[in-house]
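Secondary and tertiary structure notes
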Amino acid sequence: MTFAALTRLQQGLAALKDDHLERHRRILDGAQGAHATIDGQRVISFCSNDYLGLAADPALRDAAHAALDQCGVGAGAAHLITGHHRFHDDFEAAFARFVGKPAALLFSSGYMANLGVLTTLLAKKGEVFADKLNHASLVDAAQLSGASFTRYRHNDLAQLEGQLAASAALGKLIASDLVFSMDGDVAPVDALLDLAERYDAWLYLDDAHGFGVLNDGRGGLTERARASDRVIYLATLGKAAGVAGAAVAAHASVIDWLIQKARPYIYTTASPPLLAACLLESLRQIEAGGTRRAQLQRLIVQLRAGLAGLKRGTLMASDTPIQPLLIGANADAVALSLALLQRDLLVPAIRTPTVSANTARLRITLSAAHSADDVAQLIQALHALD
Ligand SMILES: *Cc1c(COP(=O)(O)O)cnc(C)c1O
């Protein structure tokens, strides 16, 4: 049976295929890691966000087993009914203390946390000022908030200041990735805070890629930003923390307001309490993770030294585990990614429209679970293909 609505959708799928924009999911068998089995092929993977190698860590597995025996699997209810387990509550307290904020709230994902914060803190008469390279979840959250949505060029503080000065909005919020997910560079936190103070705005920083990695694992906030009541901090917990979920840390009144009003927090079943137990263990591993972070830093230095002078691509300026190799044309990035895969090295090609025209790149991500030999193999392969 076919009908017009279904036919239109199938035409849409065919058009994506014709334009080489169709997306496919790779299938992972076994555990996520620096070495993984993906679509049946054993590869060295340079594409996960498991920056510290915690996703399959034995200590986290033990925490999961212990919590499973104690509290089963499902949370069974939303947080405001009976789904709020002691593990959730303990994690929020431990997280707030670790990142140096008065209070915290655990969401089921970073996407939901961004949605929760922006739709709750801004009224229709408010305005969001957003970096153009912000993550898609922040863009969606700003749009769904119903507030005016103003974007500034990447890290362009002069343009942002002009926009803030021109705004008559009731309630302003500056939203930025702290570490930009496709570029690996870091937002100018103190300069953004200066502007937030001058124009009486909230500063919302999404540190999906910095938490666990930067500043002894405490994330990319500066000391001033930790101390400022107008800074709202987000860490997602499926990346370096190796588990799932996201935590918002802020002034206690902001957290109370979110508990009262944030619909993506209120109207959803709490995440399984065993995940919160894993997060408590992950936080311990992050706090004690100096060795992992030192290894990660060594690998970043090794990669950057090894890829200097490559003709086919240039490493973008980045000190974080996100090390994009700028190629240019979509087709060239895809061809290089395929050639690497033939050598059992998995590095995804990021193309337009995810990044702007002619900036297609290989997005290399490093993990403390990589060895120097893993990185040497990637360097060698890229030179052989140059
Ligand atoms: C991954 C990511 C998110 C979404 O977090 P999830 O927990 O995966 O939903 C939000 N913001 C940024 C910058 C991200 O990279």
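Here's a quick rundown of the structure. The structure displayed is predicted, hence computed values, not measured ones. (Residues numbered from 1 in each chain as written. Predicted model: local features only at pLDDT ≥ 70, side-chain atom pairs only at ≥ 80, totals over all residues. Heavy atoms only, no water.)

Side note on the pairing of strand β2 (residues 35-38)
In terms of strand pairing, strand β1 (residues 28-29) meets β2 through 2 bridges, oriented antiparallel. In the sheet register, Leu-28 faces β2, and the bridge partner there is Ile-38. Linkage of β1 to β2, two consecutive antiparallel strands, is achieved through a turn of 5 residues, within which Gly-30 is found at a positive phi near 75°. Of the strand pairs in this sheet, β2 and strand β3 (residues 41-45) are connected by 4 bridges, and their pairing is antiparallel. Directly across from His-35, in β3, lies its bridge partner Ile-44. Taken together, β2 and the strand that follows it, β3, pair antiparallel across an intervening segment of 2 residues, in which Asp-39 is found at a positive phi of about 50°. (Pairing = 2+ DSSP bridges. Helix = DSSP H or I, 4+ residues; strand = E, 2+ residues; numbered from the N terminus.)

A word on the site of the ligand
The ligand sits among 13 residues. The nearest are Gly-110, Tyr-111, Asp-206, His-209 and Lys-239. Side-chain polar atom of His-135 to a nitrogen atom of the ligand: 3.4 Å apart, as the coordinates give it. With respect to the ligand, the side chain of Lys-239 contributes an N or O atom lying 2.6 Å from an oxygen atom. Taken by itself the ligand offers 380 Å² of open surface, and the protein chains cover 82% of this. It is helix α5 (residues 110-121) that provides the largest number of residues to the shell around the ligand, a total of 3 residues. Among the residues forming the shell around the ligand, the class breakdown is 2 nonpolar, 8 polar and 3 charged. (Near = heavy atom within 4 Å. Polar contact = N/O pair within 3.5 Å; in protein donor to acceptor, adjacent residues only side chain to side chain. Areas by Shrake-Rupley, 256 points an atom, 1.4 Å probe, with all protein chains shown as cover. Nonpolar A, V, L, I, M, F, W, Y, C, P; charged D, E, K, R; others polar.)

Considerations on helix α4 (residues 86-99)
Over its 14 residues, α4 runs 20 Å from end to end, which matches the ideal 20 Å to within 8%, given 1.5 Å per residue. If you check which residues of α4 are buried, you get Phe-87, His-88, Phe-91, Glu-92, Ala-94, Phe-95, Ala-96, Phe-98 and Val-99. Within two residues after α4, Gly-100 carries a phi angle of roughly 75°, on the positive side. (Expected span 1.5 Å × (residues − 1). Buried < 20%, exposed > 50% of the residue type's maximum accessible area, 1.4 Å probe, protein only.)

Concerning the environment of Leu-378
As for its placement among the helices and strands, Leu-378 is situated in helix α15 (residues 372-384). For the pair Leu-378 and Arg-343, spaced 35 residues apart in sequence, the C-alpha separation works out to 9.2 Å. Dropping the residues within four chain positions of it, Leu-378 is found in contact with Phe-46, Leu-303, Leu-340, Leu-345, Val-347 and Ile-364. (Contact = heavy atoms within 4.5 Å.)

Here we look at unusual backbone geometry
Note on backbone geometry: most residues besides glycine have negative phi, and most peptide bonds are trans. Geometrically, the link from Thr-352 to Pro-353 is a cis peptide bond, its omega value of 10° lying close to zero. Inspection of the secondary structure assignment puts Pro-353 in the loop between β14 (349-350) and β15 (360-365). Even without a glycine there, the phi angle at Asp-39 is positive, about 50°. Structurally, Asp-39 is set in the loop between β2 and β3. Look at Asp-39 and you get exposed, because its relative accessible area is 51%. Positive phi is not limited to glycine here, since Asn-155 has a value of about 55°. The residue Asn-155 is located in the loop between β6 (148-152) and α7 (157-166) in this model. Under the relative-accessibility criterion, Asn-155 is labelled partly exposed at 24%.

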